[in-house]
Amino acid sequence: QVQLVESGGGTVQPGGSLRLSCAASGFTFSMYSMSWYRQAPGTERELVAVISSSGGDTNYKTSVKGRFTISRDNAKNTVYLQMNSLRPEDTAVYYCCARRIPTNVYWGQGTQVTVSS
């Protein structure tokens, strides 16, 4: 069955770094674009970063540009989100998402990221 398993979340001080990983199985990973979303309490889920199936194209939410980097390893069926210079407003549950137009969409269970002093 399809699985997306996130890891790497935790608590970090402002200015710190975390690296999230999302391990995929049960589908042809290299044919799917991959994204990271996040959701803070009381807010809607928002797109943070997306990477194309080949890894050649990336896009980011404006507020994370220059601080976050999305990457993927198609040989390992894994997508990453390197997060640097973390701010308290980055605190949220981060979700991995696999998408293949037009209808295939899969979600992970989420991993908590807390930025606090």
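From a predicted model like this one, the values you see are computed outputs, not experimental measurements.

1. Overview of the state of the cysteines
Line of reasoning, step 1. Inspection of the entire model under this criterion finds 1 disulfide.
Line of reasoning, step 2. Free of any disulfide, C97 has its nearest neighbouring cysteine sulfur in C96, separated by 7.3 Å.
Line of reasoning, step 3. Classification of C97 by relative accessible area gives buried; the value is 0%.

2. Some thoughts on the side chain of T111
Line of reasoning, step 1. Here T111 shows up in strand β11 (residues 111-115).
Line of reasoning, step 2. Take T111: its relative accessible area is 11%, and that puts it in the buried class.
Line of reasoning, step 3. Within the local environment of T111, its side chain forms a polar contact with the backbone nitrogen of G9, the two atoms lying 3.3 Å apart.
Line of reasoning, step 4. In this structure T111 touches E6, G9, L20, A92, V93 and Y94, once residues within four positions along its chain are discounted.

3. Quick look at the sheet that holds strand β3 (residues 18-25)
Line of reasoning, step 1. If you trace the 4 strands from one edge of the open sheet to the other, you get β1-β3-β8-β7, paired in antiparallel fashion. The two strands at the open ends of the sheet, each matched to only one other strand, are β1 (3-7) and β7 (68-73). Averaged over all adjacent pairs, the angle separating strand axes in this sheet is 15 degrees, with direction ignored.
Line of reasoning, step 2. In the sheet, β1 pairs with β3 via 5 bridges, with the strands oriented antiparallel. Residue pairing for β3: Q3 is matched across the bridge by S25.

4. Considering the packing of aromatic side chains
Line of reasoning, step 1. Summed over all chains, the structure comprises 5 aromatic pairs.
Line of reasoning, step 2. Taken together, the ring pairs connect F27, F29, Y32 and Y106 into an aromatic cluster.
Line of reasoning, step 3. The cationic tip of R45 hangs over the ring face of W107; the distance from NZ or CZ to the ring centre is 4.7 Å.

5. Topic: the nonpolar core
Line of reasoning, step 1. Grouped together as the largest cluster of nonpolar side chains are 27 residues, with contacts concentrated most on M34, W36, V79, L81, M83 and Y94.
Line of reasoning, step 2. Broken down by secondary-structure element, the contributors of at least two residues to this core are β3, β4 (33-39), β5 (46-51), β7, β8 (78-83), β9 (92-100) and β11.
Line of reasoning, step 3. Those residues in contact with V79, other than ones at most four positions away along the chain, are L20, S21, C22, F29, M34, W36, I51, I70, S71, R72 and C96.

6. A word on the environment of S54
Line of reasoning, step 1. Topologically, S54 is positioned in the loop between β5 and β6 (58-60).
Line of reasoning, step 2. Among the residues examined, S54 registers a relative accessible area of 60% and is labelled exposed.
Line of reasoning, step 3. Residues S54 and M31 lie 23 residues apart in sequence; the distance between their C-alpha atoms is 7.9 Å.

Reading the values: rules and limits
- Residues numbered from 1 in each chain as written.
- Predicted model: local features only at pLDDT ≥ 70, side-chain atom pairs only at ≥ 80, totals over all residues.
- Heavy atoms only, no water.
- Disulfide = S-S within 2.5 Å.
- Buried < 20%, exposed > 50% of the residue type's maximum accessible area, 1.4 Å probe, protein only.
- Helix = DSSP H or I, 4+ residues; strand = E, 2+ residues; numbered from the N terminus.
- Polar contact = N/O pair within 3.5 Å; in protein donor to acceptor, adjacent residues only side chain to side chain.
- Contact = heavy atoms within 4.5 Å.
- Pairing = 2+ DSSP bridges.
- Axes fitted to C-alpha atoms, helices over the stretch in contact; angles between N-to-C directions.
- Phe/Tyr/Trp six-rings, centres within 6.5 Å; stacked < 30°, edge-to-face > 60°.
- Lys NZ or Arg CZ within 6 Å of the ring centre and 35° of its normal.
- Core = buried A, V, L, I, M, F, W, Y, C linked by side-chain atoms within 4.5 Å.

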